[in-house]
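# An overview of the molecular structure
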Amino acid sequence: MGDVIGIGAAPKRKEDQRFLTGRGNYVSDIKRAGMTAGVFIRSPHAHAVLRGIDKSAALAAPGVIAVLTGDDVAADGLGSLPCGWGISDAKGVPMKEPPFPMLAQGKVRFVGDLVAFVVAETVEQANVAAELVEVDYEVLSSVVGVLDAVRPGAPQLFDDVPSNICCDWELGDKAAVETAFQKAAHVAKLSLTNNRLIGNPMEPRAAIAEYEPGTDRYTLWSTSQFPHVVRFLMGALVLKIPQHKLRVVAPDVGGGFGVKQFHYGEEAVITWAAKRVMRPIKWVASRSEGYVSDRHGRDHVTEAELALDENGKFLALRVKTLANMGGYLSTFGPNIPTNLYGPLLGGVYTTPAIYCNVKVVFTNTVPVDAYRGAGRPEATFVVERIVDVAASEMGIDRVELRRRNMIPKEAYPYQTPVLVQYDSGDPVGCLDGALVAGDVKNFGARKAASERKGKFRGLGFSTYVEACGLAPSRFAGRLGARGGLYESATVRVHPAGQVTVLIGTHNHGQGHETTFAQIVSDKLGVPFDNVDIVFGDTDRVQFGMGTYGSRSLVVGGAALSKAADKVIVKGKKIAAHLLEASEQDIQFEAGKFSVAGTDRIKTFEEIAGAAYVPHDYPLEVLEPGLEEQAYYDPVNFTYPGGCHIAEVEIDPETGTVTLVNYTAVDDVGTVINPMIVEGQLHGGIVQGVGQALYENAVYDETSGQLVSGSLMDYCMPRADHMPMMKVETHSTLCTHTPMGVKGCGEVGTIGSPAAVINAVVDALSHLGVTHVDMPATPNRIWRLIQNASVPIAAE
Amino acid sequence: MKAFAYHQPGQIPEAAKLLAAEPDSKLVAGGMTLIPTLKQRLASPPALIDLSKLPGLKGCTDNDATITIGAMTTHAEVAKSSLVRARIPALAALASQIGDPSVRNRGTICGSVANNDPAADYPAGVLGLAATIITNEREIAADNFFRGLFETALKPGEIITAVRFPVPLLAGYAKFKAPASRYALVGVFVAKFRDGVRVAVTGAGPGVFRVPPMEHALSQGFDPASIAAIRIDTDNLTSDIHAEADYRAHLVTVMAKRAVQAALSERPAS
């Protein structure tokens, strides 16, 4: 039986029983009868014309079943990989949206672009055959960086996309911002890059596809964060498979971070190929393949200016960004550096005027799309860096400058000049809490101790807000979303009172099976152990938009909460009948339906039993059964935020930055499971620290090859990089979500890069260093120190 | 991974014969570099000759002025060997910093030495300590063994059986780890003998090399300050996305100073 474990408790995670004992069920664990192996041939060139593909030798190789190319796709009249967002420029001109074929046609546009698919009896045979496919490339000059891509004479990826600009997007009141700058007492300026990142989920992407001729049905098992969306995008738009003939299953998935929330060409190719060969096909990416095909993140070049009055009040912010889209538009691609970026430039401040211009640019690199935080870490980095620059230039303490401009708690709801309206928050409270938790008052003593060892020490702040709980559909539709962003949940009460939840979000590390079970246990008063959460199968779960954008609890949890409420409403009707009372007099509490003011009760199990054995039941007015479904579309985003404080020590001899203390006080609204929230914050912070200090996707500017193409050259943050983190919550409740939740999946990643870099700059400020680009590698820091040490007389 | 024949000889002559019969075959010790190369289909040797069943290739033995380490001794075994820790603690410390625990439990000294990866740790220890590489055919002084990027003096068919290390008066190793791979971005091994000091650098260039000006200065005075002003030339140093050549040159001096400091901090070898 077990106990009710409700909201606010911290039970161990249900899913860990199978994960920690090696009994997870991942795509690559699945075997189907007669299964074949698929291997993709990818472009080794960044930019080339495909002059021809000779597959004859490969087709003659042992075990080979098929070799498929872009010509086969074209012959079958299949669609292009769709982009889920259509943005427009200031004049309303839609973005350039060139086709993204599932296998390259005519040209390849990045190293890793899909060229052909080989199906054989075994992986080894497919690999051997892949080496026998002769592809005739006419190599073209390529461009990998945004600054180069928009220069006159730059290589053009698409004939009809001049200067490689997909969209010249803007937001805000340009004229008001210009007026404000004219009367500013001080203008702080900052040029920065936001480094390109590679998500690196522990499990590489994988897929199995099978076609059943008897029923004319396809099944795709895929490492996806949103199987229903894949079913829609792939079925309706790419392969033209009716929805009822396509099942998409995303079983246990080993991490996503955004990388798995897109519809990939590999999924479409393998599903299409499975029918052609009439055999199931499995493909499992190698880590190396993931590096050149998993959608990358970030990659901005930005110029920012902040206008302040003589007291340090922010008057206006102007931001111009070039955002790298890579070679094609991925599922959410153009939405990330625009709609998820510009509206966050208000930060936690009362800045009255903001203008943001983003040029979305194609380059010969892996398509760029959402990676944990997606647009919001980039915005936070701009805002929190330039606030520090302004504080330094004006001689105002950076905490004091933040305080002077923060939105006071009582000013919420607060309408920003960049579309969004924050419903709730308390930035000052988070800041005050973090100052105490981070022992900021004794930083001077710690810095002196570091200096005695010959080390530099710095402290950095990031007081930030983000928009999550993606997303209110109507609002998103106005911004260019081509789909809805609601979520659905079904609460299926079984005759003996146990509960199965079918929900459209997807659990790939977030602990949903635990958190959602707590919500049901709390609301219905059923034991925690009596609740199972089902997700990731379009044949089992009614519908859903999946998991990304810190939406699962905020939107999915809300749908679940609403469905549970409907169960209670129906239960009350049944109880009223059985207890011979008026429905209005029935109370439900702690798993018991009772007649108010009496000791007459029916347990939840008794009501469930009556619903399924309706002998004594109001069948004339009420259907039997106890199963309810709810769809929830949020009325606004949620706005978690907080204050992060990083403390670093730098070895000036080697340039090594060591993160020595980290403090986060975050407002994530209602906390369902504090252990899981803490884990999400830890993981998010580590990913942000990774961006700030270690991770960097580097392309060779001449060849367009990904130089950081493996874990040997792409530095992921590791356990020994991290100090013990102090993580606390200082929550205000969201005013519009059913449980007051705000979401916590991305806050760590959004708040932390600016805190770390502000600390690094602080540690080097005595040398005149005013900015450090990410990642703050030893070589980069050493170079800054060397340059600062050059005698001023040289000028 | 492409198909290959697999041999597991029981005697060294048999292994040598197999290697001679198929010159493109590869010897497998720990396989820490070879297996990933095979998996990525970057190498396709016709046969692998597994050395793990050959007798007498494991362990550390004391010969007074030298210690000898069998070719198939793993990094973990060297790191925890009471003999190595007592006589050449810097070598045990070097072994303890190679890769991660999985690598240290599989990887062997001869595999590392024979592979001569330009960023591997052992070449610095072997060259810095003026060790002798013992093969099934001959003995080769470290100074004549390492020939640059993945190149050594080994002839086709030659198999390393052990490495013999002179016991120094003092020795130290300092490694600046490459952020991602944790190979040596720069690693410096310093050893003081009665007749002088040797300084060997790994990671900084296309192969392990000695730094005569530092050796000379340290022979005059074995102190970090003696070499603080010595800058090595950047001409032959590696420049990549992790470290530019001048930064590597700078790190050579920093790590050399730290290696000397480490040597001085340790109990002198008895």
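All of these numbers come straight from a predicted model, not from anything done at the bench.

### Some thoughts on the side chain of Thr135(B)
All names here are of chain B. As for its position among the elements, Thr135 is in strand S6 (residues 132-135). Classification of Thr135 as buried rests on a relative accessible area of 7%. At 2.9 Å, the side chain of Thr135 forms a polar contact with the backbone nitrogen of Glu137. Residue contacts for Thr135: discarding those within four places in its chain leaves Ile140, Leu154, Glu158, Ile159, Ile160 and Thr161.

### Some remarks on the side chain of Asn636(A)
Residue and element names in this part refer to chain A. Locating Asn636 in the fold gives a position in the loop between strand S25 (627-632) and strand S26 (641-651). In terms of polar contacts, Asn636 uses its side chain to reach the backbone carbonyl oxygen of Gln421, at 2.9 Å. Reaching out from Asn636, the side chain makes a polar contact with the side chain of Tyr639 at a distance of 2.8 Å. Discounting residues that sit within four places of it in the chain, Asn636 has contacts with Gln421, Pro472 and His736.

### Re the pairing of strand S28 (residues 725-729) of chain A
All names here are of chain A. Pairing of strand S27 (residues 656-667) with S28, which is carried by five bridges, proceeds in the parallel orientation. Along S28, the bridge assignment pairs Ala664 with Val727. Read as a crossover between parallel neighbours, the route from S27 over helix H18 (residues 674-694) to S28 is right-handed.

### Topic: the domain arrangement of chain A
All names here are of chain A. Once the domains are mapped, chain A shows domain 1 (16-22 + 486-632), domain 2 (31-141 + 202-255 + 260-291) and domain 3 (297-470 + 636-794). For domain 2 versus domain 3, the separation of C-alpha centres amounts to 36 Å. Regarding the contact of domain 2 and domain 3, the summed buried area is about 2300 Å², with carbon and sulfur atoms giving 66% of it. Looking at the side of domain 2 facing domain 3, the largest losses of area belong to Trp85, Phe262 and Tyr291, adding up to 30% of the total buried there. Our enumeration of links across domain 2 and domain 3 arrives at zero salt bridges. Applying the counting rule to domain 2 against domain 3 returns seven residue pairs in polar contact (both at pLDDT 80 or more). Among the residues forming the side of domain 2 that touches domain 3, the class breakdown is 17 nonpolar, five polar and six charged.

### Focus: the sheet that holds strand S7 (residues 139-141) of chain B
All names here are of chain B. With respect to topology, five strands assemble into an open sheet ordered S4-S5-S8-S6-S7, the strand pairing being antiparallel. Two strands close off the open sheet at either side, each with one partner strand: strand S4 (60-63) and S7. The sheet shows a mean angle of 25° between the axes of neighbouring strands, taken without regard to direction.

### Looking at the environment of Lys313(A)
Residues and elements named next belong to chain A. In this fold, Lys313 is placed in the loop between strand S13 (297-308) and strand S14 (314-326). Owing to a relative accessible area of 33%, Lys313 belongs among the partly exposed residues under this scheme. Spatially, the C-alpha atoms of Lys313 and Val668 are 27 Å apart, while their sequence positions differ by 355 residues. Here Lys313 is in contact with Ala307, Leu308, Thr350, Arg404 and Asn405, once residues within four sequence places are set aside. There is a polar contact of 3.0 Å between the side chain of Lys313 and the backbone oxygen of Arg404.

### Quick word on the environment of Ala188(A)
Residue and element names in this part refer to chain A. Within the secondary structure, Ala188 is located in strand S8 (residues 186-197). Classification of Ala188 as buried rests on a relative accessible area of 0%. Taking the C-alpha atoms as reference points, Ala188 and Val144, separated by 44 residues in sequence, lie 30 Å from one another. When near neighbours in sequence (up to four residues on either side) are disregarded, Ala188 contacts Ala304, Glu305, Leu306, Leu308, Ile386, Val389, Ala390 and Glu393.

### Some details on the nonpolar core
One finds Met102(A) and Val760(A) to be the most contacted residues of the largest nonpolar core, which totals 185 residues. No other element matches helix H19 (residues 747-764) of chain A, which puts 11 residues into this core. Formed jointly, this core draws a minimum of three residues from each of two domains, domain 2 (31-141 + 202-255 + 260-291) and domain 3 (297-470 + 636-794) of chain A. Dropping the residues within four chain positions of it, Val760(A) is found in contact with Val648(A), Ile650(A), Val657(A), Leu693(A), Val772(A), Ala776(A) and Ile781(A). Judged by nonpolar contacts, the second largest core, of 52 residues, contains Leu51(B), Ala124(B), Leu127(B) and Ala200(B).

### Details of the interface of chain A and chain B
In this complex, chain A contributes 24 residues to the contact, which on the side of chain B involves 23 residues. Applying the counting criterion to the chain A and chain B interface returns nine salt bridges. Across the pair Arg258(B) and Glu653(A) runs a salt bridge whose closest N-O atoms are separated by 2.8 Å. Across the contact surface, chain A and chain B share 16 residue pairs in polar contact (both at pLDDT 80 or more). Contributing elements (two or more residues each) for the side of chain A that touches chain B: helix H4 (123-132) and helix H20 (778-789) of chain A. By residue class, the composition of the side of chain A that touches chain B is nine nonpolar, seven polar and eight charged.

### What about the sheet that holds S27(A)?
All names here are of chain A. Ordered by their spatial adjacency, four strands build an open sheet running S18-S26-S27-S28, and the pairing between neighbours is mixed. For this open sheet the edge positions go to strand S18 (456-465) and S28, each flanked by a neighbour on one side alone. On average, each strand axis in the sheet is inclined to that of its neighbour by 15°, with strand direction left out of account. Two strands pair when backbone bridges link them, and S26 and S27 are joined in this way by 11 bridges, in the antiparallel orientation. Residue pairing for S27: Glu649 is matched across the bridge by Thr658.

### Observations concerning the packing of aromatic side chains
Residues and elements named next belong to chain A. Summed over the entire model, instances satisfying the criterion amount to 25 aromatic pairs over all chains. Ring geometry for Phe158 against Tyr328: centres 6.0 Å apart, planes inclined by 70°, an arrangement best described as edge-to-face. With Phe158 in the loop between helix H5 (146-149) and strand S7 (165-172) and Tyr328 in the loop between S14 and strand S15 (353-362), the pair connects residues that are 170 residues apart, well separated along the chain. The class of Tyr328 is buried, set by a relative accessible area of 1%. Geometrically, the ring pair formed by Phe226 and Phe332 is tilted, given 6.1 Å between the ring centres and 35° between the ring planes. Within this pair, whereas Phe226 is found in the loop between strand S10 (217-222) and helix H7 (227-238), its partner Phe332 is found in the loop between S14 and S15, the two being separated by 106 residues in sequence. With a relative accessible area of 8%, Phe332 lands in the buried category. Counting every residue linked through ring pairs, the aromatic cluster contains Phe100, Phe110, Phe158, Tyr328 and Phe362.

What counts and what doesn't
Residues numbered from 1 in each chain as written. Chains lettered and ligands numbered in written order. Predicted model: local features only at pLDDT ≥ 70, side-chain atom pairs only at ≥ 80, totals over all residues. Heavy atoms only, no water. Helix = DSSP H or I, 4+ residues; strand = E, 2+ residues; numbered from the N terminus. Buried < 20%, exposed > 50% of the residue type's maximum accessible area, 1.4 Å probe, protein only. Polar contact = N/O pair within 3.5 Å; in protein donor to acceptor, adjacent residues only side chain to side chain. Contact = heavy atoms within 4.5 Å. Pairing = 2+ DSSP bridges. Right-handed = clockwise from strand over helix to strand, strands pointing away. Domains from an automatic or database assignment. Buried area = accessible area lost by both parts, 1.4 Å probe. Salt bridge = Lys/Arg side-chain N within 4 Å of Asp/Glu carboxyl O. Nonpolar A, V, L, I, M, F, W, Y, C, P; charged D, E, K, R; others polar. Axes fitted to C-alpha atoms, helices over the stretch in contact; angles between N-to-C directions. Core = buried A, V, L, I, M, F, W, Y, C linked by side-chain atoms within 4.5 Å. Phe/Tyr/Trp six-rings, centres within 6.5 Å; stacked < 30°, edge-to-face > 60°.

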